[in-house]
Amino acid sequence: MITGLLKIQFARLKRQKLFYLYFAVMAAIIISNALQCTGSPEANGTAYYAGGRFPTFCMQSYIDIVGSLFLSFICAVLISGEKASGMLKQPLLNGVSKKQLLMAKTISLLMVALIFFLFAILFSTGIGFLFWGSHVFDYAGEYLLQIVLLTFPQITMVLFLVFLSLHMSNISSMMCASLIILLINNLFSQFFGDYVSLVDFMYYLYAFSCYNGMTLKSSVIALGISVNLISGMLLVYGITRRINSMVM
């Protein structure tokens, strides 16, 4: 049952060309990053990322609004849009419950987040190899650790977007709310990190990717995983309560 629902969700996304738009935008950003690192890297401050740390540079570009914004758009289409049209309020056919439908949507969003992130990693590594050859792998262990750690806040981000979309009345309100939250969080994460790191899972999108020179310490890793696990459990609880209220 869930497999069939997942196919339906991906078919909807394919029809709306959201995947292709993301691939085009992210590819353009990665190529632009490579040109910055090879043009005048000392002048534009990208010399540090030229070569072995280029994939890290592109991961930072991905988590800096771009990836989260595309995920929020997809979440708005899959959940807020159907909520606005009344589909989630109507009896479903073929024995599919609203809980199963929303579970399938959440799983599909997690899969989309994985696809988006893998594309950013693999494409940036490929472009880096074209520009710097095998030097792009000089710090492979470093950015592989970042990839593993970034899995935690990205899963939590998907759960947050699902939770938010269940409370938004339509696609436009979901997009406005998510954009405002992402921009404010970006500001607080960069300038008030010592405070928000204790409660804000989104802060670790930046901390785990070493954004703006952040250092990846063992204490940061432990706190970040803990914050994301706690936030994830709270969001699952909130999503479950919201679904139950919608079912009733």
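Just so you know, these numbers come straight off a predicted model, no measurement behind them.

(A) Up close: unusual backbone geometry. Positioned with a positive phi, I65 is a non-glycine residue whose angle comes to about 80 degrees. Inspection of the secondary structure assignment puts I65 in helix α4 (residues 54–85). With a relative accessible area of 16%, I65 lands in the buried category. In this structure, C210 takes a positive phi of about 55 degrees despite not being glycine. Summarising the element assignment, C210 is placed in the loop between α9 (203–207) and α10 (218–247). Given the relative accessible area of 17%, C210 is considered buried.

(B) Summary view of the packing of aromatic side chains. Using the criterion set out here, one finds 22 aromatic pairs in the structure. Ring centres 3.8 Å apart and planes at 20 degrees place the aromatic pair Y22 and F116 in the stacked group. On the criterion of sequence distance, the pair formed by Y22 in helix α2 (residues 18–39) and F116 in helix α5 (residues 98–132) is long-range, its members being 94 residues apart. Neither Y22 nor F116 differs from the other in exposure class; each is buried. Look at F131 and W132: their rings are 5.6 Å apart centre to centre, the planes differ by 40 degrees, and that puts the pair in the tilted class.

(C) Looking closely at the pattern of salt bridges. Enumeration according to the criterion identifies one salt bridge in this entry. Between R53 and E142 there is a salt bridge whose closest N-O contact spans 3.1 Å. Linking R53 in the loop between α3 (41–44) and α4 with E142 in helix α6 (residues 140–165), this pair joins segments that are 89 residues apart in sequence. With relative accessibility at 15%, the residue R53 sits in the buried group. Looking at E142, the relative accessible area reads 33%, which means it is partly exposed.

(D) Region of the structure containing α6. Taking 1.5 Å as the rise per residue, α6 with 26 residues should run 38 Å; its terminal C-alpha atoms sit 36 Å apart, in good agreement. Of all bends in α6, the biggest is about 30 degrees, found at T151, and the proline P153 comes one to four residues later.

(E) Seen up close, a nonpolar patch on the surface. There is a patch of nonpolar side chains on the surface, built from I180, I184, L187, F188, F191, F192 and Y195 and spanning about 770 Å² of accessible area. Per element, the largest residue contribution to the nonpolar patch is five residues, and it comes from helix α7 (residues 171–191).

(F) Focus on the packing of α5 against α6. In the contact formed by α5 and α6, the axes pass within 10 Å of each other and the chain directions differ by 140 degrees. What the angle tells us is that α5 and α6 run oblique. In this structure, α5 crosses over α6, and the sense of that crossing is right-handed. Only I147, L150, Q154, I155, V158, L159 and V162 of α6 make contact with α5, whose side of the interface consists of T106, L109, L110, A113, F117 and I121. Class assignment of the residues belonging to the contact of α5 with α6 gives a composition of eleven nonpolar, two polar and no charged.

Criteria and thresholds
Residues numbered from 1 in each chain as written. Predicted model: local features only at pLDDT ≥ 70, side-chain atom pairs only at ≥ 80, totals over all residues. Heavy atoms only, no water. Helix = DSSP H or I, 4+ residues; strand = E, 2+ residues; numbered from the N terminus. Buried < 20%, exposed > 50% of the residue type's maximum accessible area, 1.4 Å probe, protein only. Phe/Tyr/Trp six-rings, centres within 6.5 Å; stacked < 30°, edge-to-face > 60°. Salt bridge = Lys/Arg side-chain N within 4 Å of Asp/Glu carboxyl O. Expected span 1.5 Å × (residues − 1). Bend = angle between axes of the 7 residues up to and from the residue. Patch = residues over 30% accessible without salt bridge, like charges linked within 9 Å, V, L, I, M, F, W, Y side chains within 5 Å. Areas by Shrake-Rupley, 256 points an atom, 1.4 Å probe, with all protein chains shown as cover. Axes fitted to C-alpha atoms, helices over the stretch in contact; angles between N-to-C directions. Parallel < 35°, antiparallel > 145°, perpendicular 65-115°, else oblique. Left-handed = near helix turned anticlockwise from the far one by under 90°. Contact = heavy atoms within 4.5 Å. Nonpolar A, V, L, I, M, F, W, Y, C, P; charged D, E, K, R; others polar.

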